[in-house]
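Spelled out from the first residue to the last, the chains are:
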Amino acid sequence: MSHVSEYQATGFTVIPGLFSRERIAEIKRNAIRLLTEIDRLNVPSGVNVWMADQIDETIREVVTDPRLVQVVRDLIGKAPEFLSVKTVFKSAGKRFPSPWHQDWFYWKGSTKLSAWIALDKATEENGCLKMIPGTHTRVFPMRNKETETGFNRQIPSSELEDLPVQTVPVEIGDVVFFHDLAVHGSHENRSGADRWSLIATYRDRSEPDDSTVWNSSLPL
Ligand SMILES: O=C(O)CCC(=O)C(=O)O
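Residues numbered from 1 in each chain as written. Predicted model: local features only at pLDDT ≥ 70, side-chain atom pairs only at ≥ 80, totals over all residues. Heavy atoms only, no water.

Novice: In this structure, what is going on with the site of the ligand? I would like to understand it.
Specialist: Around the ligand, 14 residues are found, and the nearest of them are Lys86, Lys90, His101, Asp103 and Trp116. Taking Lys86, its side chain carries an N or O atom lying 2.7 Å from an oxygen atom of the ligand. Expressed as a share of its isolated accessible area of 300 Å², the protein-covered part of the ligand is 99%. Those elements that place two or more of their residues in the shell around the ligand are β3 (80-90), β10 (184-186) and β11 (195-204). Its residues assigned to classes, the shell around the ligand comprises 5 nonpolar, 5 polar and 4 charged. (Near = heavy atom within 4 Å. Polar contact = N/O pair within 3.5 Å; in protein donor to acceptor, adjacent residues only side chain to side chain. Areas by Shrake-Rupley, 256 points an atom, 1.4 Å probe, with all protein chains shown as cover. Helix = DSSP H or I, 4+ residues; strand = E, 2+ residues; numbered from the N terminus. Nonpolar A, V, L, I, M, F, W, Y, C, P; charged D, E, K, R; others polar.)

Novice: What exactly am I supposed to notice about helix α4 (residues 66-76) here?
Specialist: An α-helix turns once per 3.6 residues; consequently, residues spaced three or four apart project the same way. Along α4, the residues classified as buried are Leu68, Val69, Val71, Val72, Leu75 and Ile76. Looking down the long axis of α4, one finds its buried residues gathered within 160° of arc, a one-sided arrangement. Capping the start of α4, Asp65 holds a side-chain oxygen 2.9 Å from the backbone nitrogen of Arg67, two or three residues further along. Following α4 by one or two positions, Gly77 adopts a phi angle in the positive range, close to 115°. (Buried < 20%, exposed > 50% of the residue type's maximum accessible area, 1.4 Å probe, protein only. Arc of directions from axis to C-beta.)

Novice: How do you make sense of the nonpolar core when you look at a structure like this?
Specialist: Counting 32 residues, the largest nonpolar core has Phe19, Leu68, Val85, Ile117, Phe177 and Tyr202 as the members making the most contacts within it. Elements supplying a minimum of two residues to this core: α2 (21-37), α3 (57-63), α4, β3, β4 (112-118), β9 (175-179) and β11. When residues of this core are assigned to their parent elements, the largest contribution, 5 residues, is made by α4. Core analysis: the second largest hydrophobic core is formed by 15 residues, Val47, Ala118, Ala122 and Val170 among them. (Core = buried A, V, L, I, M, F, W, Y, C linked by side-chain atoms within 4.5 Å.)

Novice: How should unusual backbone geometry be read in this particular structure?
Specialist: Most peptide bonds take the trans form, and the phi angle of most residues other than glycine is negative. For Asp39, which is not glycine, the phi torsion reads 55° and is therefore positive. Mapping Asp39 onto the fold places it in the loop between α2 and β2 (47-51). By relative accessible area, Asp39 is classed as exposed at 69%. Unlike most non-glycine residues, Asp162 shows phi in positive territory, near 70°. Secondary-structure assignment places Asp162 in the loop between β7 (153-154) and β8 (166-168).

Structure representation (structure tokens):
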């Protein structure tokens, strides 16, 4: 199956080795340097978001990488724009799993596509993504559950009973592209070692969008 048909059928697709190991080492070093500069390396959630007008040259090069952008075009059309990017850091001190959720809940509006770039090898043991294929065609209810992790909303497990869960282990440099309605979460990091990912989000700028989350964007 092609990546496009897989994405259309399941709501996600993995492109192996989109970035080289050397390039990822550089990207990870830069991300850690930037987080250190703004004193956000050890935030409790492990998450830091940069909007399009906040990214420096090193991040801009990653989110506009021609191979990455080509896949974005293949999946959402000829007029993509970059919206925002975040680092997600799981460690021995931040091992919590991300709960089942749809990203769409947080921004609403037109469809967005995210590219989850593996800055470390991600396995079930160190907290890789888990997805529920085929859920990108409808909105699930989200319920409030107070946590200290920043993920205070989640889809109740009763809504997901009997749906097949796919764990998505990846190598350094692989990229998981997923629809903003694809129900996903991540495993707990039980490894004791750090696990970093960088997640860039895009939309098709030819689609009307009433989301108010973004005030800037980078047309590609
Ligand atoms: O990288 C992770 O642990 C999951 C992040 C995630 O699900 C998200 O930010 O939407």
